[in-house]
Every structure is written in structure tokens, then in C-alpha cells.
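# Geometric and topological summary
Letter by letter, the chains look like this.
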2 protein chains.
Amino acid sequence: MSELEERLKKIKQASVNCGNFPTSLKNKALEAVAVALEKNFADIKKANQQDLEEAEKCNLAQPLLKRLKFDEDKLHDVVSGIRGLIKLDDPVNQKLSAMLLDDGLTLIKVSVAIGVIGVIFESRPDALVQIAALCIKSGNCAVLKGGSEALHSNRKLFEVIKNAVSEVDAGFADTLALIETREDVSELLQYNKYINLIIPRGSNAFVQYIQKNSLIPVLGHADGICHLYIDKYADVNKAKKVVVDAKTQYVSVCNATETLLVHKDIAEKVLPELFAELEARKVKLHCCERCTKYSVNAVVATDEDWATEYLDYELSVKVVDSIEDAVSHINTYGSGHTDGIITEDAECRKYFEAYVDTSSVVVNCSTRFADGFRYGMGAEVGVSTNKYHARGPVGLEGLIIYKYILEGDGHIVADYVGTNAKPYQHRKLS
Amino acid sequence: MSELEERLKKIKQASVNCGNFPTSLKNKALEAVAVALEKNFADIKKANQQDLEEAEKCNLAQPLLKRLKFDEDKLHDVVSGIRGLIKLDDPVNQKLSAMLLDDGLTLIKVSVAIGVIGVIFESRPDALVQIAALCIKSGNCAVLKGGSEALHSNRKLFEVIKNAVSEVDAGFADTLALIETREDVSELLQYNKYINLIIPRGSNAFVQYIQKNSLIPVLGHADGICHLYIDKYADVNKAKKVVVDAKTQYVSVCNATETLLVHKDIAEKVLPELFAELEARKVKLHCCERCTKYSVNAVVATDEDWATEYLDYELSVKVVDSIEDAVSHINTYGSGHTDGIITEDAECRKYFEAYVDTSSVVVNCSTRFADGFRYGMGAEVGVSTNKYHARGPVGLEGLIIYKYILEGDGHIVADYVGTNAKPYQHRKLS
């Protein structure tokens, strides 16, 4: 048995206890983590500085350096995230439903932790803290692998967190593991007997690589090809304001808008000013032939553009004949992440909400709102574009499952079959 | 584009409408199916007869022939199953929660159909009817592939169902598809762009084959290595009655008990009579060294026996020193399907319920109760031993997911970041 397998086997064994930790103990551990992060911030910053220096030497791009940095602001964010989590209800051991199958035979559905979660995340040290905290609160064990650029930061943060929770209760010691190498990830993917769920954060290609190389279920995320549709009945000022925010407030994130669809009857009214404003903010426009005329610098959009996640100051724009065409375009080219409509018409709103196949439908607001923090989840382990288990921003809820408990008094199936079969009552109790 | 891909593309397009069919229309379609099955029973029986004759020629085993047969009893079961489904609440378009993020900015979580479900099932024609009915009720499209022994029965049943629903509304025509060959299954597995979820019913090896050969999420089922533990505080009569039922009521099913664990302090009291009764029913016992003495014919259990799903008149039996040892044995050798305890002690019951990692914990009753019909789900698409999305017997709930709808009034993210950031309210509305 390899050294990694030994560790995973221990974690798997610890997971049954971990799933039964009382709420008060888990909250005490979270508070200890918050305090320890603040107390050890100088050391954490030093480790982070080492990563930053190495990254600069390697000419890491500016936005990546920004994500790699763990400064006072990030510390403040993760600590208040943890204190937010403490206040949330314990997601496990909740009675979800109960049914009387027959006299004295009661079926109860109870929420439980999933078990051992493997999370592979990008070079963002704050992600390590968020994910560890979510796992502690939800009674899950976590095997963490961060981006190699954040090696020293992750190592230090992990040490601080693990020491803090182990001091609260020795039982926490085996509930968290950090792995550091690609070889360990490859090996990890083989252990579906120890890992219950894997959450790979990163590109669509990376998620597919994991899926192809593991039998462990994957909570994944495809691209974020997000759309906004300006309906015939849109308020023009709201439309302009929302599109500018959705495209330019932060371009390198998955919930930024990549394609704008505009109803033909409102194009003339909204596009000239909107294009001017976008171009003033250095947005390059890829326009369909019906709207290039409203821009000075636009290029003609290709079919590929409709399927492109720019993550940059670029936007595809298409004029459509109807709301049905807009919905059909989104369902064809979208990635099921976040798609929105600007409209004052209740019927159009309802149609769009029902027929767009996406994890977040936004109405008269920016696609940029679609994330775990803004949705009030405290933190997120990722955004799922799956239509299975968890969809959209995933917080605590995505880390739990349920078990059935059937309590009887000597009941046997033989009494409920055949000619004199007793009938079931199937009466909902809650 | 192959002929199959054309069909799947159409189904995928139909799925958005299908997910929005009104409750009344879906129930009308289900009633039409029930009526059509009764009306066309002579034809269905004829097709089934053809399958049965061919199966007999191939010397298909008796239990398989029994499953293949679609007689009056099976017709009655599926028709009453459908009428039960009609009475159940519509699982889609339910508001699951709502939260005010800020004034005028409301987040709603709504249940929706998953989309297109691929189901590959054994040679049981009644399974085709059940699965199609569950998909109709939950607003999902279904691509069905049944066992080849049931070819003629499936073809006829599918035709009857499809005609019935298409007469209710032409929109149903593209929501159901039947495929018949292994080549079609291989091709289907490549189409994660059309199929949202695949449910393979069958052996563990078959489920793993699907997982290894497809990027489509799999709702799967490992073995059913189910345990019963007779606790120190068990009522001896209940224990005997329940064990006999769990082992012998129907041996070839996944929720039959395969291993019996007995606390050392009660072994002497319960095992002699229990073994006599089991052996009278032709059960072959594989006993640990501490309990062979209670049987005349027992063989000594090997390590492999603890991990074996017999699906036959065989039972592994082990004497354990404590409830902790019983739980540890189950968590080591079990498959997370169904595991039970016989006890009159509340503390032992609670400990067992919390610490056994399984989809159904049964207390003082038979493991054989763990199925969708007995759990009041109307019908089941399968039993999941996953700890992801759906666990245990899966009925309608396993076929739905949710979407978020965020309704605003020109809200932009830029107002909520930076130095003058507006705070979020995050107030639960329901």
C-alpha cells in the first residue's frame, strides 16, 4: 500500500466519525480556524511572498498574480466567510421527510455528509481556506490539491488550519489532507473506494480529463458562455447599465457575459449608445451583420464566436427576430452557466425563465451576481454546470446527501406479498 | 450525422418543452398510457409470448423467464403504479427556496426536469413501462434500451405507450425513444451533449463499463451486500423472523441479506434455532469459527465470503464482540445498499443508524423492504449506491434538478464592491 493510499484509507475511516461530529464542535473548530488565521497571518504572508516572488520570476500574468496574492483583504474575506458559515444551520442530520409505511413501520430520510471530498483547485490560496471550512461545517473529510504556484501558501495555510482544528478535537486530525504533486493526483483518481466525490475547479478540458481518468463522481463545470438578451420590452437605461456591468466589471471570470442578443425592434434604440460606451471601455465587438453599422470598430462575428468564452474585453453581439430565437440561440451555444433577459414584460420574463436551460436565469440584473457568496451561501466549492446533484453555485448543500432509516418492530416482507398481503399505508408524516 | 444522432438531437430539443408540460397534460398522458396498456393487452401478450418461446429455446433460467413474463398480474401492477403516479404531486416547477439578496433583488430556486435520461435495463418488460411513466411525470425525455430477450415485448409496449401519449399531445412524440442494439448503446455513450444522465441497471461490472466509456453522469448501483446485525439487546423472536425473511423471502434480489452478524453474548441463545430454521429452508451457511458449532452442515467462512453477494440460498455468519465491531465490518465489506440491526436498546439503535454508511439502515425489520414501491415512490428507476445526487431507491426525486432565478430591477455588481459597497441582506423568504 502506497503512502498516499495509507493516508486515504485513514481519511475514509475518519469520515464516519466526522459525519457525526456535533454542530457545536464543528463551529468551535471553525472559530479556531478563524482565530488561527489571524494570529498566524505574518507567517502566511511570508509563505505567500515566496510564491509571489517565484511567480514573478516566471512572468505569471497580472490577473493570476492577483489571485495568488493572500493579503489583508483576502484574510478579512475568508475570516468573515468562516464566521458566516458558523451562523448557518448545520446541513447534516436534518430530517428531510418521514412516512408511515404501515403501523409501527416508519421511513425517515435524513441528511448526511457525503464522506471524503477531493478538491483540485486553481492557484488561489483563499480557495483552500473556503473549501476546508465548507467541509468542516458539512461533516466531510477533504483531500485538497491546490495549484503549484501557491505551494508555499497552501502548505502554510493547511498547517495552520489542521493544527487549529486538531487542538479543538484530536478527531479532526485525520479529516483533512493536502497533496502537492501531479503524481499524487493521478494516483488519487484511482481510489474510488476512498473518495466519494471529486470537485475539479479549472478549465473544461481539465474537468474532462478527470472524468475520463476516474470512476469517482465529478462535480464539474464547463465553460461560462453567458448571455444577456435585450428584449423588445426592455427598459433601455437598465439594459445599458446591466450589459456594461456584466461585460466589464470583471472580465476574466466565468459569470461575465460573452454574448449579447438584441431584439430587432429595440436594436436601433439601444445599440448606438451601448456600443459607444462599451468601446470607450475598450471592449472589442464581434457583431452579426445586422448590427455592425452601430459600431465603428466592430468585426463581423463568425460561427465560432457564438461558442467562445472570451474571458476578456470582447463581446459577441447578435440581433434576433424574436424571444424564441434568443432562447434557441442560448440553448444551442450556451454552456448552461448563467443567462439573462432585460424586459419589463411579465410574459416574456416567464417564458425566458422557463425555457432557457441554464443554472442561473437572471432578469434585469447582471450575470455577475451568479456566485456562492452573492447568493448567500457563505462560500462556494465551485459552480456546477451539471444537471445532476448540484447546479449553479455550490455551497454546503452540494456537500451533503441523505440516508434512509426504516424503523420497524419485527416487520417482514412476506406479510406484504401474496394472496393475503397486508396493504401499505404510505402516509406522509412530515 | 448518424440516424441515432438525428433522433437524439430531436429529443434534446424536445426536452425543453417537455420540462414545461403542465401537470394536467402529463397526468392525462399517463392515464392514456394506462388505458392503452389494458386495451392492447392481447397484442402485448402475443409479443411477450414470442420472447418467452425464444427464451425457452435458449434455455433461459427459470427466474429470468419469470422476470421476462408480462402477464395479467404484471399488467395490473404497472397500471396501478401509473395511477399511483398520477396522484403524486408534480415534482417540477416547485419553489424550493427564496431569498432576498437586496431590495428588489430576489433569488428563487425552482425544481426542473433534468432533460434527457438514458436508461439501460434488464429483460423485464414492466421496467420499460415504469421508467417511461416516471419520465413522463417528471417532465423528462427518455431513451430506453431493454434487455435483448425482451425485444418483441419492449417494441410493442413502447409502440403502445408512444401512440397513447402522442394522441394526447403531439409534443410527446419526440420525448421517448427506444433503441435496440448494442451498437446503438456504444454510440449513445458518446453523446454527453444530448444525454444528461444515464441509469444503467444491472451488474456492478456493467455499471463500471458504462462509467469507463462515457462522460455522461451515471446513476449507478454496485452490489447489494446487505447485512443484518443481531445486537446483544435483540428480541430473539424478532431476530429469527426477520433474518429468515431477509435471507429467504426472495434470494435473487439486491436487498436480500447476504451476511449475518451476531453479538457474542446472544449467539448461544439465537443461533441454534435460527440455523435449524435456515437449514430447513436449504440455506447453506458460511460460518466464522465461533459459530460453526451451532450448525451441522456449515462450511467455514473465508475472507472472500464477507465480500460476496450470493443472490442465492447462502449466508455468511460472523460472531462479533461488540456493536462497534459489527459497524466496522459492515463499513469494510458492505456495498452501501441496505444494512440492519435487531435491537431493543435505543442507544444501540441510534449508534447503528448514525455510524453505518449505507443508503438504507433498517431497524427491527427486513432488508427486503428497501425498494421504491415499498418506500411509497410509486415506482423506481433503480437503486443507487452512490453518495451523490440520489441514494437508495430512486423514484421521481432522482429525475429532477433545480435552477436559480434571480429577478432584479437594473441591479449591477459594481454597486456591491469596492469602498462604498452596498451590503447584501441575504434574508430568507421561504
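Computed from a predicted structure; not experimentally measured.

What follows covers the sheet that holds strand β4 (residues 141-145) of chain B. All names here are of chain B. With respect to topology, four strands assemble into an open sheet ordered β5-β4-β3-β6, the strand pairing being parallel. Two strands close off the open sheet at either side, each with one partner strand: β5 (176-178) and β6 (197-200). In this sheet, adjacent strand axes meet at a mean angle of 15° when their direction is disregarded.

Moving on, we come to the domain arrangement of chain A. Examined at the domain level, chain A breaks down into domain 1 (3-201 + 395-403) and domain 2 (226-369). Between domain 1 of chain A and domain 2 of chain A, the C-alpha centre-to-centre distance is 36 Å.

Turning our attention to the relation of the copies chain A and chain B. Comparison of the two chain copies shows a relationship of rotation about an axis with a shift along it. Overlay of chain A on chain B (RMSD 0.1 Å): rotation 180°, translation along the axis 0.0 Å. Expressed as an axis order, the relation between the two copies is that of a two-fold axis. Within chain A, the C-alpha atom positioned nearest to the axis of rotation is that of A:His389, 1.8 Å from it.

One widely used convention gives an interface's size as the accessible area the parts lose upon coming together. In this complex, chain A contributes 60 residues to the contact, which on the side of chain B involves 60 residues. Sorting the residues of the side of chain A that touches chain B by element identifies β1 (95-102), β2 (105-113), α9 (204-212), α10 (236-248), α14 (346-355), β13 (360-365) and β16 (400-411) of chain A as the ones contributing at least two each. Ranked by residue count, the leading element in the side of chain A that touches chain B is β16(A), at eleven residues. One ladder, built from five bridges, connects β16(A) with strand β13 (residues 360-365) of chain B; its direction is parallel. Considered in β13(B), the bridge of A:Ile405 is made with B:Val361.

The next point concerns the sheet that holds β13(A). Strand order in the open sheet formed by eleven strands is β10(A)-β9(A)-β11(A)-β8(A)-β7(A)-β12(A)-β13(A)-β16(B)-β2(B)-β1(B)-β17(B), with mixed pairing between adjacent strands. Edge positions in the sheet fall to β10 (299-300) of chain A together with β17 (427-428) of chain B, since each of these pairs with one other strand and no more. Sheet topology note: the strand β9 (residues 284-287) of chain A/β10(A) ladder contains two bridges and is parallel. When the sheet's bridge partners are listed, A:His286 is paired in β10(A) with A:Val299. Here helix α11 (residues 264-280) of chain A sits on the sheet and contacts β7 (226-230), β8 (257-263), β9 and β11 (314-320) of chain A; the angle it forms with β8(A), its principal contact strand, is near 145°. Strand contacts of helix α13 (residues 323-333) of chain A: β7, β8, β11 and β12 (338-342) of chain A, with the helix running at about 140° to β11(A), the strand carrying the most contacts.

The subject of this paragraph is the packing of helix α5 (residues 72-87) of chain B against helix α6 (residues 125-137) of chain B. Residue and element names in this part refer to chain B. At a minimum axis distance of 10 Å, the contact between α5 and α6 shows a crossing angle of 10°. Between α5 and α6, the crossing angle belongs to the class labelled roughly parallel. Note on element contacts: α6 touches α5 through Asp 126, Val 129, Gln 130, Ala 133 and Lys 137, opposite Lys 74, Asp 77, Val 78, Gly 81, Ile 82 and Leu 85. The residue inventory of the contact of α5 with α6, partitioned by class, reads five nonpolar, two polar and four charged.

Below, the discussion takes up the confidence of the model for chain A. The pLDDT averaged across chain A works out to 95; a share of 100% of its residues lies at or above 70. Two numbers describe this predicted complex: its pTM, 0.93, and its ipTM, 0.93.

Below, the discussion takes up the pairing of β13(B). Every other side chain in a regular strand lies on the same face of the sheet, so the side chains alternate between the two faces. Residue and element names in this part refer to chain B. Of all six residues in β13, six are buried, a share of seventy percent or more. The sheet contact formed by strand β12 (residues 338-342) and β13 spans four bridges and is parallel. For Asp 339, the partnering residue across the bridge sits in β13 and is Val 361. On the question of chirality, the crossover connecting β12 to the parallel β13 by way of helix α14 (residues 346-355) is right-handed.

All names here are of chain A. In the contact formed by helix α2 (residues 23-39) and helix α6 (residues 125-137), the axes pass within 9 Å of each other and the chain directions differ by 160°. Relative to α6, the element α2 lies roughly antiparallel. On α6, the residues that touch Lys 26, Ala 29, Leu 30, Val 33 and Leu 37 of α2 are Val 129, Ala 133, Ile 136 and Lys 137. Split by residue class, the contact of α2 with α6 holds seven nonpolar, no polar and two charged.

This part is about the environment of A:Arg374. Along the chain, A:Arg374 falls in the loop between β13 and β14 (382-384). Judged by the 22 C-beta atoms lying within 10 Å of it, A:Arg374 falls in the buried class. Remark: the alpha-carbon pair of A:Arg374 and A:Pro393, spanning 19 residues in sequence, is separated by 9.6 Å. Discounting chain neighbours no more than four positions away, the residues touching A:Arg374 are A:Phe369, B:Leu101 and B:Tyr424.

All right, on to the environment of B:Ser97 then. All names here are of chain B. For Ser 97, the position within the fold is in strand β1 (residues 95-102). For Ser 97, a count of 14 C-beta atoms within 10 Å gives the class partly exposed. Between the C-alpha atoms of Ser 97 and Val 110, which are 13 residues apart in sequence, the distance is 7.4 Å. Beyond its immediate sequence surroundings of up to four residues, Ser 97 is in contact with Lys 109 and Ser 430.

Residues and elements named next belong to chain B. Every buried residue of α14 is listed here: Cys 348, Arg 349 and Phe 352. Taken around the axis of α14, the buried residues stretch over an arc of 100°, which confines them to a single face. Turned more than 90 degrees away from the buried face of α14 sit Ala 346, Glu 347 and Lys 350, all of them exposed.

What follows covers the pairing of β7(A). All names here are of chain A. Of all five residues making up β7, five are buried, and the element is well covered by its neighbours. Residues Cys 226, Leu 228 and Ile 230 point to one face of β7 and His 227 and Tyr 229 to the other, with burial holding for every one of them. In this structure, β7 lies alongside β8, joined through five bridges in parallel fashion. In the sheet register, Cys 226 faces β8, and the bridge partner there is Thr 257. At this point the chain moves from β7, through α10, to the parallel β8, and the crossover so formed is right-handed.

Let us now look at helix α9 (residues 204-212) of chain B. All names here are of chain B. For α9, the complete set of buried residues consists of Val 207, Ile 210 and Gln 211. Summarising the axial view, the buried residues of α9 lie within an arc of 100°, below the 170-degree limit, and thus occupy one face. On its buried face, α9 is in contact with β6.

What counts as what
- Residues numbered from 1 in each chain as written.
- Chains lettered and ligands numbered in written order.
- Predicted model: local features only at pLDDT ≥ 70, side-chain atom pairs only at ≥ 80, totals over all residues.
- Pairing = 2+ DSSP bridges.
- Helix = DSSP H or I, 4+ residues; strand = E, 2+ residues; numbered from the N terminus.
- Axes fitted to C-alpha atoms, helices over the stretch in contact; angles between N-to-C directions.
- Domains from an automatic or database assignment.
- Least-squares fit on C-alpha atoms with pLDDT ≥ 70 in both.
- Contact = placed C-beta atoms within 7 Å.
- Parallel < 35°, antiparallel > 145°, perpendicular 65-115°, else oblique.
- Nonpolar A, V, L, I, M, F, W, Y, C, P; charged D, E, K, R; others polar.
- pLDDT = per-residue confidence, 0-100.
- Buried ≥ 20, exposed ≤ 12 C-beta atoms within 10 Å, placed from the backbone.
- Right-handed = clockwise from strand over helix to strand, strands pointing away.
- Arc of directions from axis to C-beta.

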